[in-house]
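# Reading the structure
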Amino acid sequence: MTVTSNIKRSNDIFAVIDIGNTKVSSLIGTSAKNNDIQVKVLGFGQHASLGITNGIVTDMKEIANSIAKAVEGAETMAGFPINRVICSLSGGRPITKVTRNKLKIENGQVMKSDIVKIQKMNKPKLIENYKFLSSSIIKYYIDNNTPVDNPIGIHTDNLFIEISNIYGQKRVIENISSAIDLCHLSIDKFIICSEASGVSTLIEDERLNGAIVIDLGGNVTSIGVFIKNKIIFSDSIPIGGVHITSDIVRGLGTKAEDAEKIKILYGSALSNETDEYTKIDVPIISDEGEIVDQEIPRAMLTAIIKPRIEEIFELVKERLTFLTLSENSINKVILCGGGANLNNVRELASSYLNTNVRIGRPIGLVDIPEIVHTPTFSCLTGLLIKSLQQEKLLISNKMNSGLFNYFGRISDWLDENL
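Only a predicted model underlies this, so the values are computations on that prediction, with no experimental measurement involved.

### Considering the packing of helix α6 (residues 241–252) against helix α7 (residues 256–266)
Remark: α6 packs on α7, axes separated minimally by 9 Å, with the N-to-C direction vectors making an angle of 110°. The orientation of α6 relative to α7 falls into the category roughly perpendicular. Crossing handedness for the pair α6 and α7: right-handed. Taking contact as the criterion, the partners of Gly 241, Ile 244, Thr 245, Ile 248 and Val 249 in α6 are, on α7, Ala 256, Ala 259, Glu 260 and Lys 263. Residues that form the contact of α6 with α7 fall into these classes: 5 nonpolar, 2 polar and 2 charged.

### Some thoughts on the sheet that holds strand β9 (residues 146–148)
If you trace the 4 strands from one edge of the open sheet to the other, you get β7-β10-β8-β9, paired in antiparallel fashion. The open sheet has two edge strands, β7 (95–104) and β9, and neither has a second partner. For this sheet, the mean inter-axis angle between neighbouring strands, taken without regard to orientation, is 40°. Relative to β9, strand β8 (residues 130–142) runs antiparallel, the two being bridged by 3 bridges. The partner of Ile 142 across the bridge, within β9, is Thr 146.

### A word on the pattern of salt bridges
Taken as a whole and assessed by the stated rule, the structure comprises 17 salt bridges. Lys 263 is paired through a salt bridge with Glu 260; the nearest N and O atoms lie 3.3 Å apart. Of this pair, Lys 263 and Glu 260 both sit in helix α7, 3 residues apart, roughly one helical turn. Among the charged side chains, a network of salt bridges with common partners joins Asp 247, Arg 250, Arg 308 and Glu 311.

Each value, and the rule that gives it
- Residues numbered from 1 in each chain as written.
- Predicted model: local features only at pLDDT ≥ 70, side-chain atom pairs only at ≥ 80, totals over all residues.
- Heavy atoms only, no water.
- Axes fitted to C-alpha atoms, helices over the stretch in contact; angles between N-to-C directions.
- Helix = DSSP H or I, 4+ residues; strand = E, 2+ residues; numbered from the N terminus.
- Parallel < 35°, antiparallel > 145°, perpendicular 65-115°, else oblique.
- Left-handed = near helix turned anticlockwise from the far one by under 90°.
- Contact = heavy atoms within 4.5 Å.
- Nonpolar A, V, L, I, M, F, W, Y, C, P; charged D, E, K, R; others polar.
- Pairing = 2+ DSSP bridges.
- Salt bridge = Lys/Arg side-chain N within 4 Å of Asp/Glu carboxyl O.

What follows is the structure in structure tokens.
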């Protein structure tokens, strides 16, 4: 993948890949100038996803070729090649575990050294067949379970910390890594799909007060629960838009490509009073093996689609029962992924889950191709936003650490010489 470079490279340019079951897509981006929030898109590419099912590699060469084509499109648009990527992970049921640790404060006042100690107490548990991916601090607490944003300097006898630890299935990670390696690319890290989709679609109030993200993908529906700007629970269901298409194929006797078009043009999760009288043309396979057009009421198509969508939401409700924290009371749901484009899916979700539901679209990107500004690319755009957020945090921590050490040395000199 060699592309003529005509753009000056900078250190905060990131390349991301979302390996889905229907498409592989890639973005190259950087921070928007003079703006700490927005992300500028430099390149975008996508290609049909072959050689992967339910997020699990089934043909190494096929999926590697799909990845290469998607990345090549992004490189061509950006005007330069890439060699490192950040990748999504949805297959193998990635999981999130929350741990809580306690530290007794010896002198009754929290010092910076206490923060370092309690953070080091986080030792992610070993989970069979899973690999630890990342951790993030959810919140600090002091005596009487009082939450605090920055405990340094606060008087308390005990300090508590809640940390979110994310894991992915080893074999899924290893096989995707091998496919990307065939493209002569290196992986910086994996970010689970539900976390990326949440980063891309949640507004500030939802990130802080809590929300549930449901990413309706091609073969996998990913679930993420967010509170205090961190993901505290994740799971996935091996059912998605492809299964709806398959139901239409079986129900109407049409070809898969025609069923997909019919779903996009006329599909709905709910019917209305006029659907029984609204006719749509469906190319079906006759008994003689020929393709013939047949008129059916739109209500018949909805009757095929609705049970599958209800099944997905029923399984989501079942998975959410594993939540053991008080965040069970979260009453905001964001739908994203390709399945969120289905007509009336928000209304069905709101009724079925008995909560407030909205459709999530990427937030905070500039120069973004119109096709990317849809629920379908929530995970892809979230990978880019998350990568740049982590880079800014790393730089900030290094600066703060440097300033702390600098002024600490000045303070020590003053103590010794005055």
